[in-house]
Amino acid sequence: MKERVEEVLNLIRPALQADGGDVELVDVSDEGVVSVKLTGACGSCPMSTMTLKMGIERNLMEQIPEVRKLFRYVKLLSVPGGCLSAGYCR
């Protein structure tokens, strides 16, 4: 299934790249859970949630019925006094 997910992402990728962003496939589980990482301009864009749900997830689920859920990969870093991530903190 990983190859099929990559093929769908390759169809979406030009639209993301036109706006200075991109998407990387992180993982595809046996249960149909796909993890992606948004990079470039997409990584910090306020519309990234919409891009994930209405763009990437919708296309994946339409073209690959085995895909059940899409998650955005965010790397959390420990820093004194809290956390540091791609724009998400308390």
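Above this note sits the structure.
Caption draft 1: Geometry of the sheet that holds strand S3 (residues 69-72). Strand order in the open sheet made by the three strands is S1-S2-S3, with mixed pairing throughout. Looking at the sheet topology across the chains shown, the edges are occupied by strand S1 (21-28) and S3. Neighbouring strand axes in the sheet, compared pairwise and without regard to direction, differ in orientation by 30° on average. Bridge count between S1 and strand S2 (residues 33-40): seven bridges; the pairing is antiparallel.

Caption draft 2: Up close: helix H1 (residues 2-18). For H1, with 17 residues, the first-to-last C-alpha span of 24 Å sits near the 24 Å given by 1.5 Å per residue. Along H1, the helix axis deviates most sharply at Ile12, where the bend reaches about 40°; the proline Pro14 sits within four residues downstream. All of the buried residues along H1 are Val5, Val8, Leu9, Ile12, Arg13 and Leu16. Among the structural elements, S1, S2, helix H2 (41-44) and helix H3 (48-63) are those in contact with the buried residues of H1. The first or second residue beyond H1 is Gly20, which carries a positive phi of 85°.

Caption draft 3: Seen up close, the pattern of salt bridges. For the coordinates displayed, the defined rule picks out five salt bridges. Ionic pairing is found between Arg13 and Asp22, a salt bridge with its closest N-O pair at 2.7 Å.

Rules used in this analysis
Residues numbered from 1 in each chain as written. Predicted model: local features only at pLDDT ≥ 70, side-chain atom pairs only at ≥ 80, totals over all residues. Heavy atoms only, no water. Pairing = 2+ DSSP bridges. Helix = DSSP H or I, 4+ residues; strand = E, 2+ residues; numbered from the N terminus. Axes fitted to C-alpha atoms, helices over the stretch in contact; angles between N-to-C directions. Expected span 1.5 Å × (residues − 1). Bend = angle between axes of the 7 residues up to and from the residue. Buried < 20%, exposed > 50% of the residue type's maximum accessible area, 1.4 Å probe, protein only. Contact = heavy atoms within 4.5 Å. Salt bridge = Lys/Arg side-chain N within 4 Å of Asp/Glu carboxyl O.

Just distances and angles here, no functional claims.
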